[in-house]
Amino acid sequence: MTQKQNSNVPAIIVCILLFGMISFVTNLASPMGDILKNQFHVANEMGTRGVLCNFIAYAVMGIPAGNLLQKKGYKFTALTAVAVGFIGVAIQFVAGKLTGNTAFGIYLLGAFVAGFSMCMLNIVVNPMLNKLGGGGNRGNQLVQVGGSFNSLMGTAVIFLTGVFVPNIVKAQISDVFPLMGIALAIFAVAFVVILLTKIPENPVVEAKAAEKSQYGPM
C-alpha cells in the first residue's frame, strides 16, 4: 500500500496544485475587472463581465460535468478539465495581444471557457485526491491540504497582481501575462502527470429509472 501511495505522489502534488488553480483563475477575474474597465474605458458593470462569464459557466457546466465524471471516471474528467482550462487561459492570453472591442470580446470568451474548467475541477479533484491518498483519514487529510492551498492561492493571486500591475489605472491585459503563463505551465504539467498516472476509478453505476415520488419540488 505504501509503495502504491508513493507512486501516486506526483499526481497528488498535481491535484493539490489544481486545488490552487481553481482559486487562482477564479480570483484573477476580480482585479482583471478593473484592468478591463480602465483599458477599454467602460463602466464598472462592463468590467465585471469577466467574473460574470466565469461563474455563469458553472451553471452551464455543472450537470454535464457530473455526468462526465460518472460515465468516464476521474482520469478522463480531470484531463478534460485541465485541457479546457489551458484553452480558456490561452484565449485570455490572445486577448492581451489584440486591441479594441475584439480584445474585450475575446477575453470574455476566455473567461467563460476557463469557468467550464473551474467547474469540472471542483467536481473531480476532491474525490480524485481522496482516492490517490488511499481514502479514509489519509485521503481526507490530503483534501484538507488541497483546500488550504486553495485558500492560499486566492490570497496570492491578489498579491501577485499588485506586484505585476502596480498602477491598475494604466494597466493592460498584457501586464498580467506572467500570471497567465504560470497558469498555463501548471495546466500543461498537470495534464502530463495525470495522463501518466494510474488512477483508481469507481465502478460505473447505471442510473436507475426515475421513480415517481409522492413529494413535489415544494
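In what follows, the structure referred to is the one given above.
About the criteria used
- Residues numbered from 1 in each chain as written.
- Predicted model: local features only at pLDDT ≥ 70, side-chain atom pairs only at ≥ 80, totals over all residues.
- Heavy atoms only, no water.
- 1 Å grid on protein atoms, 1.4 Å probe; cavity = no way out; pocket = protein on both sides within 12 Å on 5 of 7 lines; lining within 4 Å.
- Points joined across faces, edges and corners; volume = space filled by probe spheres on them.
- Helix = DSSP H or I, 4+ residues; strand = E, 2+ residues; numbered from the N terminus.
- Nonpolar A, V, L, I, M, F, W, Y, C, P; charged D, E, K, R; others polar.
- Patch = residues over 30% accessible without salt bridge, like charges linked within 9 Å, V, L, I, M, F, W, Y side chains within 5 Å.
- Areas by Shrake-Rupley, 256 points an atom, 1.4 Å probe, with all protein chains shown as cover.
- Salt bridge = Lys/Arg side-chain N within 4 Å of Asp/Glu carboxyl O.
- Buried < 20%, exposed > 50% of the residue type's maximum accessible area, 1.4 Å probe, protein only.
- Axes fitted to C-alpha atoms, helices over the stretch in contact; angles between N-to-C directions.
- Parallel < 35°, antiparallel > 145°, perpendicular 65-115°, else oblique.
- Left-handed = near helix turned anticlockwise from the far one by under 90°.
- Contact = heavy atoms within 4.5 Å.

*Asks:* I'd love a proper account of empty space enclosed by the protein, names of residues and values included.
*Replies:* Applying the stated criterion across every chain yields a total of 1 cavity of 30 Å³ or more. Here the largest cavity defines a volume of roughly 100 Å³. Val25, Leu28, Ala29, Gln92 and Tyr107 are, among the 15 residues lining the largest cavity, the residues nearest its centre. Per element, the largest residue contribution to the lining of the largest cavity is 5 residues, and it comes from helix α2 (residues 9–39). When grouped by side-chain class, the residues that make up the lining of the largest cavity number 12 nonpolar, 3 polar and no charged.

*Asks:* Tell me about a nonpolar patch on the surface, and please be specific about residues and values.
*Replies:* Together, Phe191, Val192, Leu195 and Leu196 give the surface a local cluster of nonpolar side chains, amounting to about 380 Å² of exposed area. Among the secondary structure elements, leucine 196 is positioned in helix α7 (residues 177–196). On the basis of relative accessible area, leucine 196 is assigned to the exposed category, the value being 70%.

*Asks:* Outline the packing of α2 against α7, listing residues and values.
*Replies:* The geometry of α2 relative to α7 is characterised by a closest axis approach of 10 Å and an angle of 150° between their N-to-C directions. The angle between α2 and α7 falls in the class roughly antiparallel. Crossing geometry of α2 relative to α7 is assigned as left-handed. Counted together, Pro10, Ala11, Val14, Leu17, Leu18, Met21, Phe24, Val25, Leu28 and Met32 of α2 and Leu179, Met180, Ala183, Ile186, Phe187, Ala190, Val193 and Ile194 of α7 form the full contact between these two elements. Looking at the contact of α2 with α7 residue by residue, the classes come out as 18 nonpolar, no polar and no charged.

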